[in-house]
Amino acid sequence: MSLEERAKAVAKNIEGKAQEIIGDITGNPDDKAEGQAKQVESQVRHTVENVKDEVKKAVD
């Protein structure tokens, strides 16, 4: 996994967690849902990069 992509995924996860917490505090379900969606996006990015790494290992 490239370091740059890993950093982007971690940043997206942190952003999502923060937004979810803000949604909880303010009682705004839209913020909470957007925060959760960002966390899912982060997990997908990690999974894609992990698959790329596995394919690269198999090819090498």
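Each residue is numbered by its place in its chain's sequence as written, counting from 1. Restriction of local features to residues with pLDDT of at least 70 applies here, the model being predicted, together with a cutoff of 80 or more for giving and counting side-chain atom pairs; totals for whole chains, interfaces and linings are based on all residues. Values reported for side chains reflect all heavy atoms of the structure, with hydrogen atoms and water molecules removed beforehand.

Would you take a moment to explain the overall build of the protein for this structure?
Per the secondary structure count, the protein includes two helices and zero strands. For a compact globule of 60 residues, the expected C-alpha radius of gyration is about 10 Å, and the protein comes in at 14 Å, more than 25% above that figure. Using a 1.4 Å probe on the protein chains alone, a residue whose accessible area is under 20% of its type maximum counts as buried, one over 50% counts as exposed, and one in between counts as partly exposed. Counting every position in the protein, which comprises 60 residues, the buried fraction comes to 20%. Two residues form a contact once any of their heavy atoms are found within 4.5 Å. Across the protein, contacts joining residues at least 24 apart in sequence account for 50% of those joining residues at least 6 apart. The accessible surface values rely on the Shrake-Rupley method and a 1.4 Å probe; as for residues, cover is taken only from the protein chains in view. Summed over its atoms, the accessible surface of the protein is roughly 4300 Å², and 58% of this surface lies on carbon and sulfur atoms. For the protein, the separation between the mean place of its 10 positive charges and that of its 13 negative charges on side chains is 4 Å. The numbering of helices and of strands both runs from the N terminus, where a helix is a DSSP run of H or I of at least 4 residues and a strand a run of E of at least 2. We take the radius of gyration over the C-alpha atoms and set the globule estimate at 2.2 Å times the residue count to the 0.38 power. Think of it this way: Lys and Arg go in the positive column, Asp and Glu in the negative one, and His and the chain ends go nowhere. We put the charge of a Lys on NZ, of an Arg on CZ, of an Asp on CG and of a Glu on CD.

Would you mind going over the pattern of salt bridges with me for this structure?
Two side chains with opposite charge may pair up if their charged atoms get near one another. A pairing counts as a salt bridge when a side-chain nitrogen of Lys or Arg comes within 4 Å of a carboxyl oxygen of Asp or Glu. Summed over all chains, the structure comprises seven salt bridges. In this structure, E49 and K52 form a salt bridge, with 3.1 Å as the shortest nitrogen-oxygen distance. Here the residue E49 and the residue K52 both occupy positions in helix α2 (residues 29-59), the gap between them amounting to three residues, near one helical turn. For E49, a relative accessible area of 8% translates into the label buried. The salt bridge partner of E54 is K57, with a shortest N-O separation of 3.7 Å. Highlighted residues: E54 and K57, both in helix α2, separated by three residues, approximately one helical turn.

How should the UniProt feature "domain: CsbD-like" (unreviewed entry) in the protein be read in this particular structure?
UniProt positions are given in the numbering used here, feature names are shortened, and annotations may be inferred rather than shown by experiment. UniProt records the feature "domain: CsbD-like" (unreviewed entry) for residues 5-57 in the present numbering. Taken end to end, residues 5-57 is 96% helix and 0% strand, and its two terminal C-alpha atoms sit 18 Å from one another.

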